[in-house]
Amino acid sequence: MKRSLKTAVGVGLTAIMLFPVYWMINVSFTKDTDMRADPPHLFPLHGTFDGYRAVLDQQLPFLGNSLLIGLGTVALTVIVSAPAGYSLAKLRPRGAGTLSFVLLVAQMIPGVIMAMGFYAIYLKLGVLNSSAGLVLADSTIAVPFGVLIFTAFMSGIPAELVAAAKIDGAGAFRTFWSVILPVSRNAVVTVSLFAFLWAWSDFVFATTLDGGGAQQPITLGIYRYIGNNNQEWNAIMATAVVASIPATLLLIVAQRYVAAGVTAGAVKD
Amino acid sequence: MAPHVTTRASVPAMPETEAGFGRTSRARSSGQWTAWAFLAPVVVYLIAFYAYPLYRNLDLSLHRYTVRSFVQGGAPFSGLDNYRTVFDSPTFWPALTHTAVFTGVSLVFQFSIGMALAIFFHQHFRLSATLRALFLVPWLLPLIVSASTWSWMLNSDSGIVNTALGVFGIGPVNWLTSPDWSLASVTIANIWIGIPFNLVLLYSGLQSIPSEIYEAAALDGATHWSRFWRVTFPLLRPVSAITLLLGLIYTLKVFDIIWIMTRGGPADGSTTLATWSYRLGFGNLLPSFGPGAAVGNLLIILAMVFGLLYIRMQRRTLR
């Protein structure tokens, strides 16, 4: 096959794969009256911004909550997992193998089941329907991943660097803070990106732990739309488009971190 | 969540540690204190936010909870009654079968399409890196976004899918509203979400195959097809196994897509263990937390079996 032909085939395949994404955007601009047209309009030629107006009117608080919850999850995840990664990579704690094993197993526990346990606990503590509660629950998706990424990354930091810090009289904490963390910037970025994206996308914890709260995230905003006004699909899809912005930004700004996060460790070359 | 997910990547368990500087035993024990001081947050975290919720879940499944005793405590111990209720329920076998079909069919298609795409993109051509990155989009979108988009595309009357099928004279299919099709619908959506993950993992596996092997095979006159079956496929076996097992573990726990698209219905047509567990605990006005937790624990056991298999295989690959 000629190279240009391959490119053409590649573009074609990508177009097929991304058709649902295009369709979401198309529907978000479609007028209510055209929504059930037969055949459906393939291009939003006589489009409307009504859907996006509805987002501005109704969904901004949800988006704000999601942003806060995402940032909170990032902070908690990095604070908990970076020191652990340092210890596992450089300080040779006894029982490291067991802990790494527990972390791997933790990743395999279905979220629905965690949600039920969390619900029982939160009900007793009275922290249902709060952003803080949701941050805690969302971080469980990211913490095991974070520790494993930090461990893998920090293992690659040359021992000489740590030894030099020690000779200069730096204690373990000082070494971690002023030497290891700055060098591990890439790992911090990867972990933060994924923690944010998972918290932003979370639906399971939101619907179980925050179903009746005043601080609901955007995923519940969309879910409520689907439940309530089945007819206004342009508003639903417009919200979906807006909710996809973080993922899109991530792909544009931090593509190499994303690929690294997906493959990290599952394949080691 | 995507992957979320639904899908998450993981990293090998044992880090390589550097050789020490020959410390004395007192220094070593103080080193242990420091090491565990850094681990303390994550250990506390795991106990409070993993072990405790799981313990609560186990506790729920072993007691006869009502809404009242759920709030106030004091539910009577009921042994394995909740598990018996679950096994005797008419939903049990359908849910188990649907879980198996949903997982199996998703894996077969995700993996084979992912493999084909990985091989295609592995030939270097213009835009190949950019297009490959675009393929990640479905995996990165929030699941509620993908699920609601697919819901509208599969709408019986106004969905684009039925319109497209109509062009070929295939009558309107009630994708989401017929119990015969709902499982197929959620499986299709799930395959779409899972392809990128398979593509990325298999692509990185392909990259680690030295190109000299292909050159040698080409010199021996191997055709494209035999090169794939005799060179690529065997060399990709470890990576393929890991991709499939990870996919299996993640697909077993898929909840969002199914719940958002069909709520496991109609008439339990797309109920899996994950959605059933949720429906028992939260989906009805009168929740039955005990059986819900019991179903959840069964699902954990299932995921764990394959999880341990994955960890074993990963360790073997690393050696």
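What you see is a predicted model; the values in this text were computed from it and never measured.

1. Let's talk about the overall build of chain B
- Along chain B, the regular secondary structure elements total 15 helices and 1 strand.
- Taken along its principal axes, the extent of the C-alpha atoms in chain B is 80 × 75 × 30 Å.
- Out of the 319 residues belonging to chain B, those deemed buried represent 47%.
- Pairs at least 24 residues apart make up 71% of the contacts formed inside chain B by residues separated by at least 6 positions.

2. Regarding the overall build of chain A
- Helices and strands together make up the secondary structure of chain A, namely 14 helices and 0 strands.
- Secondary structure of chain A in N-to-C order comes out as α-α-α-α-α-α-α-α-α-α-α-α-α-α.
- Counting only C-alpha atoms and orienting by the principal axes, one finds that chain A spans roughly 75 × 65 × 30 Å.
- Of all 269 residues assigned to chain A, the portion counted as buried reaches 52%.
- Sequence-distant contacts in chain A: of pairs separated by 6 or more residues, those separated by 24 or more amount to 78%.

3. Details of the domain arrangement of chain A
Residue and element names in this part refer to chain A.
- Looking at the assigned domains, one finds that chain A contains domain 1 (1-48) and domain 2 (58-263).
- Domain 1 and domain 2 are separated by 33 Å when their C-alpha centres are compared.
- At the junction of the two partners, domain 1 supplies 9 residues and domain 2 supplies 8 residues.
- Considering only residue class, the side of domain 1 that touches domain 2 consists of 5 nonpolar, 3 polar and 1 charged.

4. Thoughts on the nonpolar core
- With 161 residues, the main nonpolar core has Ala115 and Leu209 of chain A together with Ile257, Met261 and Leu299 of chain B as its most contacted residues.
- Counting residues per element, this core draws most heavily on helix H6 (residues 131-155) of chain A, at 15 residues.
- Residues lining this core come from more than one domain, with at least three contributed by each of domain 1 (1-48) and domain 2 (58-263) of chain A.
- Beyond its immediate stretch of four places on either side in the chain, Ala115 of chain A contacts Val204, Phe205, Thr208 and Leu209 of chain A.

5. Some words on the UniProt feature "transmembrane region" (unreviewed entry) in chain B
All names here are of chain B.
- When the UniProt feature table is mapped onto this chain numbering, "transmembrane region" (unreviewed entry) sits at residues 33-52, 100-121, 133-153, 181-203, 235-261 and 289-311.
- In residues 100-121, the share of helix is 100% and the share of strand is 0%. The end C-alpha atoms are 31 Å apart.
- Across residues 181-203, the secondary structure splits into 96% helix and 0% strand, with the terminal C-alpha atoms separated by 33 Å.

6. Digging into the interface of chain A and chain B
- Contacts between chain A and chain B engage 95 residues on the former and 93 residues on the latter.
- Residues belonging to the side of chain A that touches chain B are distributed by class as follows: 67 nonpolar, 21 polar and 7 charged.

7. A closer look at helix H10 (residues 211-219) of chain B
- Sparse coverage of H10 of chain B is indicated by the burial of 0 of its 9 residues.
- Phi turns positive, to about 80 degrees, at Gly221 of chain B, one or two residues after H10 of chain B.

8. Focus: the packing of helix H9 (residues 185-201) of chain A against helix H13 (residues 245-253) of chain A
Residues and elements named next belong to chain A.
- The N-to-C vectors of H9 and H13 enclose an angle of 160 degrees; their axes lie 10 Å apart at closest approach. Considering their axes alone, H9 and H13 lie roughly antiparallel with respect to each other. Crossing geometry of H9 relative to H13 is assigned as left-handed. The segment H9 lies against H13, with Leu193, Phe196, Leu197 and Trp200 engaging Pro246, Ala247 and Leu250.
- Grouping the amino acids of the contact of H9 with H13 by side-chain chemistry returns 7 nonpolar, no polar and no charged.

9. Structural notes on the confidence of the model for chain B
All names here are of chain B.
- Predicted confidence across chain B gives a mean pLDDT of 83, with 90% of residues reaching 70 or more.
- The secondary structure element of chain B with the lowest average pLDDT is strand S1 (residues 2-6), at 30, and the one with the highest is helix H4 (residues 92-122), at 94.
- Contacts for the low-pLDDT stretch residues 1-23, under 50 throughout, to residues beyond four places or in other chains number 67 contacts.
- Of the two predicted TM-score estimates for the complex, the pTM is 0.86 and the ipTM is 0.86.

10. Some details on the UniProt feature "transmembrane region" (unreviewed entry) in chain A
Residue and element names in this part refer to chain A.
- Feature annotation in UniProt places "transmembrane region" (unreviewed entry) on residues 7-25, 67-89, 101-121, 141-164, 176-200 and 233-254, given in this structure's numbering.
- End-to-end, the C-alpha atoms of residues 101-121 are 26 Å apart, and along that stretch the chain is 81% helix and 0% strand.
- In the segment residues 141-164, helix accounts for 88% and strand for 0%; the C-alpha atoms at its two ends are 36 Å apart.

11. As for the environment of Ile213 of chain B
- Relative to the helices and strands, Ile213 of chain B resides in helix H10.
- For Ile213 of chain B and Thr91 of chain B, which are 122 residues apart along the polypeptide, the C-alpha to C-alpha distance reads 52 Å.

12. Things to note about helix H7 (residues 143-153) of chain B
- In terms of burial, H7 of chain B is a largely internal element, 11 of the 11 residues being buried.
- Among all positions in H7 of chain B, only Leu143, Ile144, Val145, Ser146, Ala147, Ser148, Thr149, Trp150, Ser151, Trp152 and Met153 of chain B are buried.

13. Here we look at unusual backbone geometry
- Even without being glycine, Arg92 of chain A reaches a positive phi, approximately 45 degrees.
- Taking the C-beta count within 10 Å as the criterion, Arg92 of chain A has 16 such neighbours and is therefore assigned partly exposed.

14. Some details on the environment of Val80 of chain A
- If you trace the backbone, Val80 of chain A turns up in helix H3 (residues 50-91).
- Exposure remark for Val80 of chain A: the 22 C-beta atoms within 10 Å place this residue in the buried category.
- Considering only alpha carbons, one finds Val80 of chain A and Gln58 of chain A, 22 residues apart in sequence, at a separation of 35 Å.
- For Val80 of chain A, the contacting residues outside a window of four places in its chain are Val143 of chain A together with Pro41, Val42 and Tyr45 of chain B.

Rules of the game
Residues numbered from 1 in each chain as written. Chains lettered and ligands numbered in written order. Predicted model: local features only at pLDDT ≥ 70, side-chain atom pairs only at ≥ 80, totals over all residues. Helix = DSSP H or I, 4+ residues; strand = E, 2+ residues; numbered from the N terminus. Buried ≥ 20, exposed ≤ 12 C-beta atoms within 10 Å, placed from the backbone. Contact = placed C-beta atoms within 7 Å. Domains from an automatic or database assignment. Nonpolar A, V, L, I, M, F, W, Y, C, P; charged D, E, K, R; others polar. Core = buried A, V, L, I, M, F, W, Y, C linked by C-beta atoms within 7 Å. UniProt positions renumbered as here; feature names shortened; annotations may be inferred. Axes fitted to C-alpha atoms, helices over the stretch in contact; angles between N-to-C directions. Parallel < 35°, antiparallel > 145°, perpendicular 65-115°, else oblique. Left-handed = near helix turned anticlockwise from the far one by under 90°. pLDDT = per-residue confidence, 0-100.

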